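# Residue-level structure breakdown
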Amino acid sequence: MAGETIIYYQLLLHKEWQVYIAATEKGLCYLGTEHSSIDDLAKSSIKQFPDCRLIEAEDKLTTYTDQLKEYFDGARKQFTFPFDVHGTNFQMNVWKALSAIPYGKSFCYSDIANQIGNPKAVRAVGTAIGSNPVAIVIPCHRVLGKSGTLTGFSGGLDVKEKLLALEKIAYKA
């Protein structure tokens, strides 16, 4: 079928972590937290790639799973694989700014708004962060409230707390 995008996926189980991951031939296109489902993966895939087909194929995802396991083990601080994510220009700018937050550090929403040159767009930044299709690797969990408080996370606050603890990022409950 012309124009069809093949998306390979799997449920990665590693220690206490359970995440759905998916990739096209170009790169990672979905990473859901342990509260995500196969339906969430399908919805995200269709939103980004309207003409797509999902194929379960662990063998096509080893580059991603190896690096994620290293991250979950505390041995990796940066991901080196490519992404294939699609969003509005605003979302893409926000996701690029998130990608620049170093391991073990946190920013607040206004920091991201300032970084993309739109200081008044704090709420829109929050919405774009919530639309991030590759949680963890585009590190939306590193964004906290203005005073360092734990704020919303589309993957669940309990998962955000686990990720912050893994990276030893302090926050106010």
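Residues numbered from 1 in each chain as written. Predicted model: local features only at pLDDT ≥ 70, side-chain atom pairs only at ≥ 80, totals over all residues. Heavy atoms only, no water.

Relative to the helices and strands, Ser 110 resides in helix α4 (residues 109–115). Residue classification places Ser 110 among the buried positions, given a relative accessible area of 15%. One polar contact links Ser 110 to Lys 146, side chain to side chain, over a distance of 3.1 Å. (Helix = DSSP H or I, 4+ residues; strand = E, 2+ residues; numbered from the N terminus. Buried < 20%, exposed > 50% of the residue type's maximum accessible area, 1.4 Å probe, protein only. Polar contact = N/O pair within 3.5 Å; in protein donor to acceptor, adjacent residues only side chain to side chain.)

Let's shift gears to the pattern of salt bridges. According to the stated counting rule, one finds five salt bridges in the structure shown. Across the pair Arg 76 and Glu 70 runs a salt bridge, and its minimum N-O distance is 2.8 Å. Assessed through its relative accessible area of 18%, Arg 76 is described here as buried. With its nearest N and O atoms 2.7 Å apart, the salt bridge here joins Glu 167 to Arg 142. Remark: Arg 142 occurs in the loop between α5 (122–130) and β6 (143–144) and Glu 167 occurs in the segment after α6 (157–166); sequence separation between them is 25 residues. The exposure class assigned to Glu 167 is buried, which follows from its relative accessible area of 4%. (Salt bridge = Lys/Arg side-chain N within 4 Å of Asp/Glu carboxyl O.)

It is worth spelling out the domain arrangement of the protein at this point. Interface size is often expressed as the accessible area that is lost when the parts come together. Domains assigned within the protein are domain 1 (5–73) and domain 2 (89–167). The centre of domain 1, based on its C-alpha atoms, is set 20 Å off from the matching centre of domain 2. When domain 1 packs against domain 2, the two sides together hide about 1,300 Å² of surface, and 68% of this comes from carbon and sulfur. Among the residues of domain 1 in contact with domain 2, Trp 17, Thr 33 and Tyr 71 are the three that bury the most area, contributing 46% of the side total. One salt bridge connects Lys 162 with Glu 34, and the closest N-O pair in it is separated by 2.9 Å. Between the two partners, domain 1 and domain 2, sit seven residue pairs in polar contact (both at pLDDT 80 or more). When contributions to the side of domain 1 that touches domain 2 are tallied by element, the ones reaching two or more residues are β2 (17–23), β3 (28–32), α1 (38–48) and α2 (62–72). When its residues are assigned to classes, the side of domain 1 that touches domain 2 shows nine nonpolar, four polar and two charged. (Domains from an automatic or database assignment. Buried area = accessible area lost by both parts, 1.4 Å probe. Nonpolar A, V, L, I, M, F, W, Y, C, P; charged D, E, K, R; others polar.)

With that settled, consider the sheet that holds β3. Reading across the sheet, the four strands line up as β3-β2-β1-β4 and stay open at both edges, with mixed pairing between neighbours. Every interior strand has two partners, whereas the edge strands, β3 and β4 (52–56), have only one. On average, each strand axis in the sheet is tilted by 25° relative to the strand beside it, whichever way the strands run. Pairing analysis gives four bridges linking β2 to β3, with the strands arranged antiparallel. Across the sheet, Ala 22 pairs through a bridge with Tyr 30, a residue of β3. Along the sheet, α1 contacts β1 (5–14), β2, β3 and β4; its crossing angle with β4, the most-contacted strand, is approximately 145°. (Pairing = 2+ DSSP bridges. Axes fitted to C-alpha atoms, helices over the stretch in contact; angles between N-to-C directions. Contact = heavy atoms within 4.5 Å.)

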